[in-house]
Amino acid sequence: MIEIKNMHKSYNENEVLKGIGFRVKKGEVYVILGPSGSGKSTLLRCINFLEKPDKGKIHIGGLTVEVGKTNRKQINELRKRTAMVFQHYNLFRNKTSVENVMEGLITAQRMDKKEAYEKSVSYLEKVGLEDRLDYYPSQLSGGQQQRVGIARALALDPDVMMFDEPTSALDPELVGEVLDVMKSVARDGRTMIVVTHEIEFAREVASNVIFMDGGVIVEEGSPSQVIDHPQEDRTKQFLNRVTHSKLQMAQ
Amino acid sequence: MYKKNRLRKAVILFLLLCTVLTGCASQKNPSTSNRSKESGGVRKVVVGTEGTYQPFNYKDEKNQLTGYDIDVVKEIDKRLDDVEFGYVAAQWDSLFLGLESRKYDMIADQISKDEEREGKYSFPGNSYFNSVASLIVRDNNDTIKTMDDLKGKKVGVSVGTTFAQILEKYNRKHGSPISIEYYEGNISSVLQDIEAGRLDATINDKVIAKEHIKELGLKLKTTGEPVITVPSYFVFRKGSDSEGLRSKVDEALSEMRADGTLSKISTKWFGEDFTAVEQQDQQQAGEEKKESSSELLDVKYMVKSFPEILRYAPVTLMISLVSMLVGLIIGLITALVKIYRIPVLKWLASFYVSFIRGTPLLVQMYLSYYGIPKILGFMQGHYQWNVDVSNIPAIVFVYVSFSLNTGAYLSETIRSAIQAVDKGQLEAAYSVGMSRLQAMVRIVFPQALTIALPNFGNSFISLLKDTSLAFIIAVVDIMGQAKIVGARNLRFFEVYIDSAIIYWLICLVVGKGVSVMEKRLNKYEGGMTA
């Protein structure tokens, strides 16, 4: 189980997170929706301390981290319990697909090389890239790179997988293959927090949907509550805009 | 507006400063006369001299060339109505090259006569000075009195001088018992190294040595009987156009010797007469016959010297490699200090980089060579260290100065390369649980290396060429050996061509090596077929 309490983050005068809190149960998929600049990505990046939050409490699988009372070891522990899939994939450019997956296993989890290799191969099989083991990121398409990114996160066996707009940088025809992999990850019962604009994905996969705007949670509930019967005007406007542009794109 | 004004003021001030400085410089150097052969019936003669050879030729407090050599030429100038003399100061080895290439018409620099020189240049009949060469040692040294006492000792001497030839001749005859350390430039570095204990002795002109010992306040003395008495001559180019000048100068010297003017000038400068003609003078000229020719380019000598100079390529490579490796480590540390803005250290790093980039390498080498022993000596006195400063080989100071120099330049390359690595790479590394060190070593550094490699290659090549300065502090590398070999027969041009070829070849190989490495490191940036 993962719980975030009263998370605050400002850049200079600009308050991006104004006390966010939520709780994700084991095996749940949390989808965070919201317009750009609403603080969704910052929220994810604060959970594994890629950005240092100003205030708040993070509780993941028996580890409690209170902002302001952290040390390097705690942050490292926190990062070992989480894994992240990035908008721009962020694969290690100097490593092949299989090496990308192996890196975390060898360094953070101190697994021996052979075992790490076998585990990495099996996760690359899971995302359908068993024939691309020795390719460098520069030799892969965006969709393939992102699937490697997902395999890299999965292999770490984290308490929670965080997806930061995983399909936003992809060409439209490549979005499907990545979403398919994500759905299968969800079916396996992984705990996931997903920041995305893919409403259909949220409707289909999410256990819970959060709508964020202006650094606060505007609305929270099941997909049918938030997506199909939104209560707040801001949510309605956002959904309108998104579905409208989706329709336009489909045409 | 304010800023603009300030900028304009600064520019004006700068321009003013430049004008004033260049104005001063040109005022102080009236000696560099134009070199047109004939102007209004008066022939202008350019005299080349070192200008750092006190008391024979040097610049006084007013930056005017003066000294015994200059006084003698001035006296000749007075006696010759149709010739006007101007003076140019230059380094010893470029004097002869300058004479050959018609930059100078005459050399006045206490030049002695020997067979090779006579083969290439023209000497007047009259000498104008007799220098008495003597051994010079620390003033508490009573064991060295004659040449034979030098066996097994380290003796320093400036490359290409008569004194070097005396030592080389002795070594040829006796099976090289003396270890000769070659120096470049004037006597003072040799003297300072004797006092510092790096050398045991030197041979040099008695007058010169005493003057320097006094001037520098060194605890040294001249000792024993004169090793040799060597007459000094003005030197001219061979050929008919130079012949007239030579005979005119020779005539004037005869006159001056006859009427006692020459002896008077000597007494004025040295308190005694060093101009009397001695018969045994001629004896010193090399007994062994050597080939020497006056062709423009002696290809045979060039080919013969090539392997002799090439033998010192490992020294150059060693200096370059050691300095590059140490420089990389220093550069990396400095870069990290700057990137992570580590308090206090970052100020030191900035100071270090700005100092090294703002001062000439040559100056840094002198600072290292003379400064480090001083500091160590001081520490020794204060902390009872047991380091024998005088036994540190000179190459250590070369390593130190080149490593520090390279490190400063590399630190900027490394810093920008590290910062050029996409920030997402570091975030991804953290996100899979790597520590800061792991992320740096496994992800950031390899990528930064690929970015920096072309610059590293360039730095290495300039370092390789910069090491040609090593001979300044008595380390014999390609360039040093070229100077030593060249000085033997005054075939400097040939040996410089040799060394140019050697440097060029090495750089070609290094360049090739770097591009192969680039290709290998770059494989992950390539396309599908890479």
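Residues numbered from 1 in each chain as written. Chains lettered and ligands numbered in written order. Predicted model: local features only at pLDDT ≥ 70, side-chain atom pairs only at ≥ 80, totals over all residues. Heavy atoms only, no water.

1. Regarding the packing of helix H14 (residues 394–420) of chain B against helix H16 (residues 436–466) of chain B
Residue and element names in this part refer to chain B. Orientation of H14 relative to H16, taken along the N-to-C sense of each, is 150°, at an axis distance of 9 Å. In this view, H14 runs roughly antiparallel relative to H16, as classed from their interaxial angle. Of the two possible hands of crossing, H14 and H16 adopt the one that is right-handed. Touching Phe402, Thr406, Leu410, Thr413, Ile414, Ala417, Ile418 and Ala420 of H14 are Val444, Phe445, Ala448, Ile451, Ala452, Asn455, Phe456, Ser459, Leu463 and Asp466, all from H16. Class assignment of the residues belonging to the contact of H14 with H16 gives a composition of 13 nonpolar, four polar and one charged. (Axes fitted to C-alpha atoms, helices over the stretch in contact; angles between N-to-C directions. Helix = DSSP H or I, 4+ residues; strand = E, 2+ residues; numbered from the N terminus. Parallel < 35°, antiparallel > 145°, perpendicular 65-115°, else oblique. Left-handed = near helix turned anticlockwise from the far one by under 90°. Contact = heavy atoms within 4.5 Å. Nonpolar A, V, L, I, M, F, W, Y, C, P; charged D, E, K, R; others polar.)

2. Re the sheet that holds strand S4 (residues 57–59) of chain B
Read from one edge to the other, the open sheet built from three strands follows the order S3-S4-S5 (chain B), with strand pairing classed as antiparallel. Looking at the sheet topology across the chains shown, the edges are occupied by strand S3 (52–53) and strand S5 (65–66) of chain B. (Pairing = 2+ DSSP bridges.)

3. Some details on unusual backbone geometry
All names here are of chain B. At Ser176, a position not held by glycine, the phi torsion is positive, near 50°. Structurally, the position occupied by Ser176 is in the loop between helix H5 (162–174) and strand S11 (179–183). For Ser176, a relative accessible area of 51% gives the class exposed. You will see that Arg341, though not glycine, has its phi angle at about 45°, which is positive. (Buried < 20%, exposed > 50% of the residue type's maximum accessible area, 1.4 Å probe, protein only.)

4. Overview of the sheet that holds strand S2 (residues 14–24) of chain A
In any sheet, the strands associate via hydrogen bonds between backbone groups, in a parallel or an antiparallel arrangement. Residue and element names in this part refer to chain A. A sheet is described by the order of its strands in space; here four strands give the open sequence S2-S1-S4-S5, paired in antiparallel fashion. Every interior strand has two partners, whereas the edge strands, S2 and strand S5 (63–66), have only one. Neighbour to neighbour, the strand axes of the sheet diverge by 15° on average, direction disregarded. Against the sheet, helix H1 (residues 40–47) makes contact with strand S1 (2–11), S2 and strand S4 (55–60), and its axis sits at roughly 115° relative to S1, the strand it touches most. Contacts between helix H2 (residues 72–81) and the sheet are confined to S4 and S5, with S5 contributing the most and set at about 130° to the helix.

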